[in-house]
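# Secondary and tertiary structure notes
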Number of protein chains: 2
Amino acid sequence: MIEVTINPGPIKLTVPAGTLLLEVLKQAGVMIATSCGGKGECGKCKVIVSSPKLKPDTLSVSEKELLSAEEIKKGFRLACQCHLNQNSTITVPSFSLIKDDKAKIKSRVKSCLLNSEFKPLISIKKYFLKLNPPSLEDHRSDWTRIKDELNKQSNENNQTWKIHPAILNNIPQLLKDSDFCLTIVLYKDNVIAIEAGDTCHELYGVAFDIGTTTIAGYLLDLVNFKEVAVEACTNPQFKYGDDIISRIDFARKEVKNRPKMQQELIETLNQMIFSWSGKAGIDLSKIYFTVLVGNTGMHHFLWSLPVEKLALSPYIPVITDSIMEDGRALPNFCLIPYARVYSAPNVSAYVGGDIIADLIDIAIWQRKGITLMVDLGTNGEIVLSKDEKIWACSAAAGPAFEGVDQLLKEPELAQV
Amino acid sequence: MIEVTINPGPIKLTVPAGTLLLEVLKQAGVMIATSCGGKGECGKCKVIVSSPKLKPDTLSVSEKELLSAEEIKKGFRLACQCHLNQNSTITVPSFSLIKDDKAKIKSRVKSCLLNSEFKPLISIKKYFLKLNPPSLEDHRSDWTRIKDELNKQSNENNQTWKIHPAILNNIPQLLKDSDFCLTIVLYKDNVIAIEAGDTCHELYGVAFDIGTTTIAGYLLDLVNFKEVAVEACTNPQFKYGDDIISRIDFARKEVKNRPKMQQELIETLNQMIFSWSGKAGIDLSKIYFTVLVGNTGMHHFLWSLPVEKLALSPYIPVITDSIMEDGRALPNFCLIPYARVYSAPNVSAYVGGDIIADLIDIAIWQRKGITLMVDLGTNGEIVLSKDEKIWACSAAAGPAFEGVDQLLKEPELAQV
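Here the residue index of a chain counts from 1 through its sequence in written order. Chain labels run from A onward and ligand labels from 1 onward, assigned in the order the entries are written. Where local features are concerned, this predicted model is filtered to residues with pLDDT of at least 70; where side-chain atom pairs are given and counted, the filter is 80 or more; whole-chain, interface and lining totals use all residues. Calculation of side-chain values draws on the structure's entire complement of heavy atoms; hydrogens and water are dropped beforehand.

### Observations regarding the packing of helix α9 (residues 244-253) of chain A against helix α10 (residues 257-280) of chain A
Residue and element names in this part refer to chain A. Our working definition: The convention used is that axes are lines fitted to C-alpha atoms, helices contributing only their stretch in contact, and that angles between N-to-C directions extend from 0 to 180 degrees. Here a strand is any run of E in DSSP of at least two residues, a helix any run of H or I of at least four, and the numbering for each starts at the N terminus. With respect to orientation, any angle under 35 degrees is reported as roughly parallel, any angle over 145 as roughly antiparallel, any angle of 65 to 115 as roughly perpendicular, and every other angle as oblique. Should any heavy atoms of two residues lie within 4.5 Å, those residues are counted as being in contact. We call Asp, Glu, Lys and Arg charged. Ala, Val, Leu, Ile, Met, Phe, Trp, Tyr, Cys and Pro are nonpolar, and the rest, Gly among them, are polar.
One can describe the packing of α9 onto α10 by two numbers: an axis separation of 7 Å at closest approach and a directional angle of 125°. In terms of their interaxial angle, α9 and α10 are classed as oblique. The segment α9 lies against α10, with R247, F250, A251 and K253 engaging N257, R258, K260 and M261. Taken together, the residues of the contact of α9 with α10 sort by class into three nonpolar, one polar and four charged.

In structure tokens form, the structure reads like this:
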């Protein structure tokens, strides 16, 4: 085993001799840029091996190509090419880190929950019910008792309310604890939760835009249709490459990789939800609706769908329809099991649900004449609409604009 | 630890000194009768401790009451009262065993699947689809391609077919393996499976009547509406008592008991299904529908619902409605996750779905005049119908008819 010290920090850790430096940085949680997924092609994972001084003959072919003579002299190496064989000190320059920039939160996903025309989609309702306790004259079952009162309260005469055994399971205890006063949570005809007492004022939803680089998330109050919290964080899949093709390559390598990549996304969503829940003092169990958008690749990773054909002509997604599921469909997702999870439809392999959210945000169906909508992310999409017809196309946009921050800071470079 | 030998068998096992003999027999899989659930009240668990000869002063109060002087002399003990402290040999007389009698299969549950008026309930359909492979001119997603062909085949123009991500997951591989020829399995608008090639001739259902004492099960061919296999076995919950009240007592004792009792039922259903599947050469994954009936207690145990209030006035079930779920709702059930699981409605705490199956079997709604239907099991129910009105009542019946087999064999006893 060898000891590695990483600056700034310092972060110290012990790893087996011979470990790839990129692997060491991942273990240390350092978010190093690797556009090519660690193949020695992009030259982004530049770090300085401060000690020991490595001999030039240990440089790989890629390093000789991608590092300048000046850089080699300063001790720069590519993290994906360099194996550590002895105790080492590493310095990670800030330009090699992925930026986790909250200013980048610009997703339109929350429109899916806040736009008034989409309220019927959400359709989560709560009713507070005061029930009469059973007696020898009234020995209706617990569920019949609840249904009868629900029909009275909601002015419906619906005999087809659906309830899962797992929710039924809690009813006797709830009735006892709450003295027959409870709140029922409905999605259309389906009971998604039953709670003790009157909780009608607590009704929340979350919305996520899963970008290739950044995940933007919103916590929304669905009683008042207001934003409660917003956050962005780096897509945890960055370590398999900056672009979608590197990630598809990784997903194909081993059977276990696809569910692993799904779990990483779900864990990130969970962390954001936990953080909001803690800060805003909101009970996790009161979040009943999740909207998810993303490019088609991220959409497939989220649902753990095969991604191979997205990368090969003629570029066929498994599904382009919207998906409406319950929380159980996303393994280990932190919401209650029967919370609704909705992912927006995709248009094709490279025009995804995130663009649908953009179009909802600008209410494109209400616009007269010609509209051009441009979304520049790691992938760039352009949508043109005229007279209720809509055309969309996309291309890799990230690389074209990379370094734009640098250009703004050092204007003389812009003349190059 | 001590060694115990059980005859007939012999079955040998090692247990800690001081273990209750009833517990030893359970571990050995000996199906000993215990009407009272092991409280020393019914005197049914009589066994002979052949060696060592136990001293009369080790007899419990219950044993002194429930065993005759003759029996005590022969070495009889009650298994629920006797702790073993040294190596022992036990003889279990056949009259102390629960009878596992196939002649008892008399359940009407299969009518729920075979009665022509109930076919719409089942409503499982299969379509064989030959798809065109994608091309640059036709880059519909896999699922859109399937839906379009399904609409053509089924002469519907349904845009609301629902499919779960877990089923979508398999589609790309299936298309590859089957050269774009597959069979889709539908329950109403829901896809419950997609299979390679043409499997339209394989479509099965199972039906179970979960009695307090006996579980009767049927495997049914739903293409030809024919019975393929039938079997009965002892309800594994017998060890918690012969009657429903003893079992409710056991379920209340510890939180973990209810899910444990559910698992025992599910394991028994699984064993029956495995056995049929093996004998008849039927693929488990081709069983798409399960009908379950039982008295209200067994129904609640099956769905792991609280049973406490069934035993206390005014006798309130959690639910009396029918339940329609997918296979995931019964943990570890061996059918495919999206197979349909239906349990018939109950009428009240002591008139259950098994009686509904009886009424379906005699098509009570078609009968004119007065009909009396009597079902004598461990519980006995009597149903009277006249002019489209139906009355039902029930009472413990098992004890009243116990020993009837003996009477038939020894007619002179009948004169007593």
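### Observations concerning the sheet that holds strand β15 (residues 323-326) of chain A
Residue and element names in this part refer to chain A. Cut-off, in case you're wondering: Only strands joined by at least two bridges in the DSSP assignment are considered to pair.
Spatially, the six strands line up as an open sheet ordered β13-β12-β11-β14-β16-β15, and their pairing is mixed. The sheet is open, and its two borders are formed by β13 (226-234) and β15, each paired with just one other strand. Direction aside, neighbouring strands of the sheet carry axes that sit 15° apart on average. Judged from the seven bridges that link them, strand β11 (residues 204-210) and strand β14 (residues 287-294) form a sheet pairing that is parallel.

### Some points on a nonpolar patch on the surface
Inclusion rule: Distance thresholds for patches are 9 Å for like charges and 5 Å for nonpolar side chains (Val, Leu, Ile, Met, Phe, Trp, Tyr), applied to residues having over 30% relative accessible area and no salt bridge. The Shrake-Rupley method, run with a 1.4 Å probe, gives the accessible areas here. Residue values count only the displayed protein chains as cover. Take a side-chain nitrogen of Lys or Arg and a carboxyl oxygen of Asp or Glu: if they are within 4 Å of each other, that pair is a salt bridge.
Residues I370, L372, V374, L376, I382, L384 and W391 of chain A make up a contiguous nonpolar surface patch of roughly 680 Å² in combined accessible area. Tracing the sequence through the fold places V374 of chain A in strand β17 (residues 370-376).

### Considering the interface of chain B and chain A
Threshold: Reported buried area values correspond to the accessible surface (1.4 Å probe) lost by two parts on association, with both partners' losses combined. Here a polar contact means two N or O atoms within 3.5 Å. Within protein one must be a hydrogen donor candidate and the other an acceptor candidate, and residues neighboring in sequence count only if both atoms are side-chain atoms.
Counting residues at the interface gives 36 residues for chain B and 36 residues for chain A. Taking both sides of the interface into account, the surface hidden between chain B and chain A amounts to around 2900 Å²; carbon and sulfur atoms contribute 58%. Counting across the chain B and chain A interface gives four salt bridges. Across the salt bridge formed by D321 of chain A and K147 of chain B, the nearest N and O atoms sit 2.5 Å from each other. Across the chain B-chain A interface, the total number found is 19 residue pairs in polar contact (both at pLDDT 80 or more). Elements that contribute at least two residues to the side of chain B that touches chain A include exactly α6 (142-153), α7 (165-168), α8 (171-177) and β15 (323-326) of chain B. It is α6 of chain B that provides the largest number of residues to the side of chain B that touches chain A, a total of five residues.

### Some thoughts on the environment of E202 of chain B
Residue and element names in this part refer to chain B. Keep this limit in mind: Accessibility here uses a 1.4 Å probe with only protein chains present; expressed as a share of the type maximum, an area under 20% marks a residue as buried, one over 50% as exposed, and anything in between as partly exposed.
Within the secondary structure layout, E202 lies in the loop between β10 (190-196) and β11 (204-210). Judged by its relative accessible area of 22%, E202 is partly exposed. Separated by 140 residues in the primary sequence, E202 and Y342 have C-alpha atoms spaced 20 Å apart.

### Thoughts on the environment of K368 of chain A
Residue and element names in this part refer to chain A. Position of K368 relative to the elements: it lies in the loop between α12 (353-361) and β17. Using a relative accessible area of 77% as the deciding quantity, one classes K368 as exposed. Once the C-alpha coordinates of K368 and E388 are considered, the two residues, 20 residues apart in sequence, prove to be 8.3 Å apart.

### Points about the pairing of strand β18 (residues 379-386) of chain A
All names here are of chain A. Judged from the seven bridges that link them, β17 and β18 form a sheet pairing that is antiparallel. Considered in β18, the bridge of L372 is made with L384. What sits between the antiparallel neighbours β17 and β18 is a turn of two residues. The pairing of β18 with strand β19 (residues 389-396) spans eight bridges and is antiparallel. Bridging from a neighbouring strand, S385 pairs with I390 of β19. Connecting β18 to the antiparallel partner β19 that follows it, the hairpin turn spans two residues, and D387 within it adopts a positive phi of roughly 50°.

### Topic: the pattern of salt bridges
Residues and elements named next belong to chain A. The final tally for this structure, using the stated rule, is 30 salt bridges over all chains. Across the pair E149 and K152 runs a salt bridge, and its minimum N-O distance is 3.7 Å. Remark: K152 and E149 occur in helix α6 (residues 142-153); sequence separation between them is three residues, near one turn of the helix. In this structure E149 comes out as buried when scored by relative accessible area, which is 16%. The class of K152 is exposed, set by a relative accessible area of 62%. Residues joined by salt bridges that share partners form a network here, namely D138, R140, R145 and D148.

### Digging into the nonpolar core
Nonpolar side chains tend to gather and get buried jointly when the protein is soluble and globular. How we decide: In plain words, nonpolar cores are sets of buried Ala, Val, Leu, Ile, Met, Phe, Trp, Tyr and Cys residues tied together by side-chain atoms within 4.5 Å.
Membership of the largest hydrophobic core comes to 167 residues, with the highest contact counts inside it found for I184, I194 and F208 of chain A together with I184, I194 and F208 of chain B. Excluding residues that lie within four positions of it along the chain, I184 of chain A makes contacts with K125, K126, Y127, L129, W143, I146, L150, V191, A193 and I194 of chain A. One finds V15, L22, L59 and L84 of chain A within the second-largest nonpolar core, a separate group that totals 25 residues.

### Some details on the packing of aromatic side chains
All names here are of chain A. Here is the rule: Only centres within 6.5 Å qualify two rings of Phe, Tyr or Trp (six-membered ring in Trp) as a pair; their planes then separate them into stacked at under 30 degrees, edge-to-face at over 60, and tilted for everything else.
Tallying each qualifying case throughout the model produces 10 aromatic pairs over all chains. For the pair Y187 and F289, a centre-to-centre distance of 6.4 Å together with 50° between the ring planes defines the contact as tilted. Here F289 lies in strand β14 and Y187 lies in strand β9 (residues 181-187), a separation of 102 residues in the sequence. Each of the two residues, Y187 as well as F289, counts as buried. Ring centres of Y240 and F250 lie 3.9 Å apart, and the angle between their planes is 10°; on these two criteria the pair is classed as stacked.

### Some remarks on the domain arrangement of chain A
Residue and element names in this part refer to chain A. We apply this condition: Start and end points for every domain follow an automatic or database-based domain assignment.
What the domain assignment lists for chain A is domain 1 (2-96), domain 2 (119-196) and domain 3 (202-357). Taking the mean C-alpha position of each, domain 1 and domain 3 sit 32 Å from one another. Counting residues at the interface gives nine residues for domain 1 and nine residues for domain 3. It is K26, M31 and S35 in domain 1 that bury the most area against domain 3; as a group they hold 54% of the surface buried on that side. K39 is the partner of D249 in a salt bridge, and the nearest nitrogen-oxygen pair spans 3.1 Å. Within the side of domain 1 that touches domain 3, the residues separate by chemical class into three nonpolar, three polar and three charged.

### Quick look at the sheet that holds strand β9 (residues 181-187) of chain B
Residues and elements named next belong to chain B. The strand order across the open sheet formed by three strands is β8-β9-β10, and the pairing between neighbours is antiparallel. Each having just a single partner strand, β8 (124-130) and β10 make up the two edges of the open sheet. Pairwise comparison of adjacent strand axes, ignoring direction, gives a mean angle of 25° for this sheet. By the bridge criterion, six bridges tie β9 to β10 in an arrangement that is antiparallel. Counterpart to V185 in the pairing with β10 is A193. Packed onto the sheet, α6 meets β8, β9 and β10 and runs at close to 110° relative to β8.

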